[in-house]
Amino acid sequence: GVSYSDAGENAKSDSTSYAFTYKFDMMGGNAVTVGYGAENQAETAAKNDDRTVSQYGFAATMGDFLVSAIRIGDEKGETSEKSGTEFEVAYDLSDQTVLNLLHFDSKVSKGPNDGDKFNSTQVGFNYEVAPGLLLGAAHTMFDGTSVSGNDSEGSATRLQVRLNF
């Protein structure tokens, strides 16, 4: 899809976004999906202040397994550039239960926070009690290093009840 947004006569923040996905069906019910999306936005009248956010990746299903990788980028002119990569492996333990492992790495490579890094790893599950009612739990371990010296490291556990309708 493609979209364009006009911010109005006195604003300079018009934006254009576009995305596509394509799914390749394979033998035995397996599939590979690839995708790309981006948004460009002129934030101010300054040429070097334009912002581009992009994302591309793939997901592959093989029987009860899903494997995916996503690359994310966020660049704002000459002043800021951030990027991240996420990997996921999921396993359908049963029709109602999914186990998953996620890993995320990110870094800042331009701007005042050049050199900041963050990574996290999450292990979790979702159980479908009834159609649209999910119980889930996840444990996340994270580590962040900052050029300003405000490093962070720790873990968090989340329990959730979610209703989709």
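Just so you know, these numbers come straight off a predicted model, no measurement behind them.

1. As for the overall build of the protein chain
Okay, so step 1: Assigned secondary structure in the protein chain consists of zero helices and ten strands.
Okay, so step 2: Tracing the protein chain from N to C terminus, the helices and strands come up as β-β-β-β-β-β-β-β-β-β.
Okay, so step 3: Rg of the C-alpha trace for the protein chain: 20 Å, well past the compact-globule value of 15 Å for 165 residues, more than 25% over.
Okay, so step 4: The C-alpha extent of the protein chain, read off along each of the three principal axes, is 55 × 40 × 30 Å.
Okay, so step 5: Buried residues in the protein chain amount to 22% of all 165 residues.
Okay, so step 6: By sequence separation, contacts in the protein chain at least 24 residues apart represent 32% of the contacts at least 6 residues apart.
Okay, so step 7: For the protein chain, the accessible area works out to roughly 10900 Å², and carbon and sulfur atoms hold 56% of it.
Okay, so step 8: In the protein chain, 12 side chains carry a positive charge and 24 a negative one; their mean positions are 4 Å apart.

2. Observations concerning the pairing of strand E7 (residues 97–110)
Okay, so step 1: Judged from the twelve bridges that link them, strand E6 (residues 80–92) and E7 form a sheet pairing that is antiparallel. Each residue of the ladder has a partner; that of Glu-86, found in E7, is Phe-104.
Okay, so step 2: Hairpin remark: E6 followed by E7, antiparallel, with four residues in the connecting loop.
Okay, so step 3: Linking two consecutive strands that pair antiparallel, namely E7 and strand E8 (residues 117–130), is a turn of six residues; a positive phi of about 105° is found at Gly-111 within it.

3. Overview of the sheet that holds E6
Okay, so step 1: Pairing is antiparallel across the open sheet formed by ten strands, whose spatial order is E1-E2-E3-E4-E5-E6-E7-E8-E9-E10. Every interior strand has two partners, whereas the edge strands, strand E1 (2–5) and strand E10 (152–163), have only one. Sheet twist, expressed as the mean angle between neighbouring strand axes with direction ignored, is 10°.
Okay, so step 2: Here strand E2 (residues 15–25) runs beside strand E3 (residues 31–41); their pairing, made up of eleven bridges, is antiparallel. Bridge pairing in E3 links Ser-15 to Gln-41.

4. Focus: the side chain of Ser-15
Okay, so step 1: Tracing the backbone shows Ser-15 in strand E2.
Okay, so step 2: Polar contacts involving the side chain of Ser-15 include one to the side chain of Glu-39, which spans 3.5 Å.
Okay, so step 3: Excluding residues within four positions of it along the chain, Ser-15 makes contact with Ser-3, Tyr-4, Ser-5, Glu-39, Asn-40 and Gln-41.

5. Focus on the layout of surface pockets
Okay, so step 1: Here the largest pocket is characterised by a volume of approximately 170 Å³.
Okay, so step 2: Looking at the largest pocket, it is lined by 14 residues, and the ones nearest its centre are Gly-35, Tyr-36, Gln-55, Tyr-56 and Gly-57.
Okay, so step 3: Partitioned by chemical class, the residues of the lining of the largest pocket number eight nonpolar, six polar and no charged.

6. Considering the packing of aromatic side chains
When we look at a pair of aromatic rings, we describe it by the centre distance and by the angle of the planes.
Okay, so step 1: Scanning the entire structure with this criterion turns up five aromatic pairs.
Okay, so step 2: Between Tyr-22 and Phe-24, the ring centres sit 4.7 Å apart and the planes meet at 70°, which makes this aromatic pair edge-to-face.
Okay, so step 3: Owing to a relative accessible area of 47%, Tyr-22 belongs among the partly exposed residues under this scheme.
Okay, so step 4: Relative accessible area serves as the criterion here: at 38%, Phe-24 is assigned to the partly exposed category.
Okay, so step 5: Judged by centre distance (6.4 Å) and plane angle (25°), the ring pair of Phe-118 and Phe-142 falls under stacked. Placement of the pair is Phe-118 in strand E8 and Phe-142 in strand E9 (residues 133–145), with a sequence separation of 24 residues.
Okay, so step 6: Given a relative accessible area of 30%, Phe-118 falls into the partly exposed group.
Okay, so step 7: Residue Phe-142 is classed as partly exposed on the basis of its relative accessible area of 27%.
Okay, so step 8: Taken together, the ring pairs connect Tyr-18, Tyr-36 and Tyr-56 into an aromatic cluster.

Parameters and conventions
- Residues numbered from 1 in each chain as written.
- Predicted model: local features only at pLDDT ≥ 70, side-chain atom pairs only at ≥ 80, totals over all residues.
- Heavy atoms only, no water.
- Helix = DSSP H or I, 4+ residues; strand = E, 2+ residues; numbered from the N terminus.
- Rg over C-alpha atoms; globule rule 2.2 N^0.38 Å.
- Buried < 20%, exposed > 50% of the residue type's maximum accessible area, 1.4 Å probe, protein only.
- Contact = heavy atoms within 4.5 Å.
- Areas by Shrake-Rupley, 256 points an atom, 1.4 Å probe, with all protein chains shown as cover.
- Lys, Arg positive; Asp, Glu negative; His and termini not counted.
- Charge placed at Lys NZ, Arg CZ, Asp CG, Glu CD.
- Pairing = 2+ DSSP bridges.
- Axes fitted to C-alpha atoms, helices over the stretch in contact; angles between N-to-C directions.
- Polar contact = N/O pair within 3.5 Å; in protein donor to acceptor, adjacent residues only side chain to side chain.
- 1 Å grid on protein atoms, 1.4 Å probe; cavity = no way out; pocket = protein on both sides within 12 Å on 5 of 7 lines; lining within 4 Å.
- Points joined across faces, edges and corners; volume = space filled by probe spheres on them.
- Nonpolar A, V, L, I, M, F, W, Y, C, P; charged D, E, K, R; others polar.
- Phe/Tyr/Trp six-rings, centres within 6.5 Å; stacked < 30°, edge-to-face > 60°.

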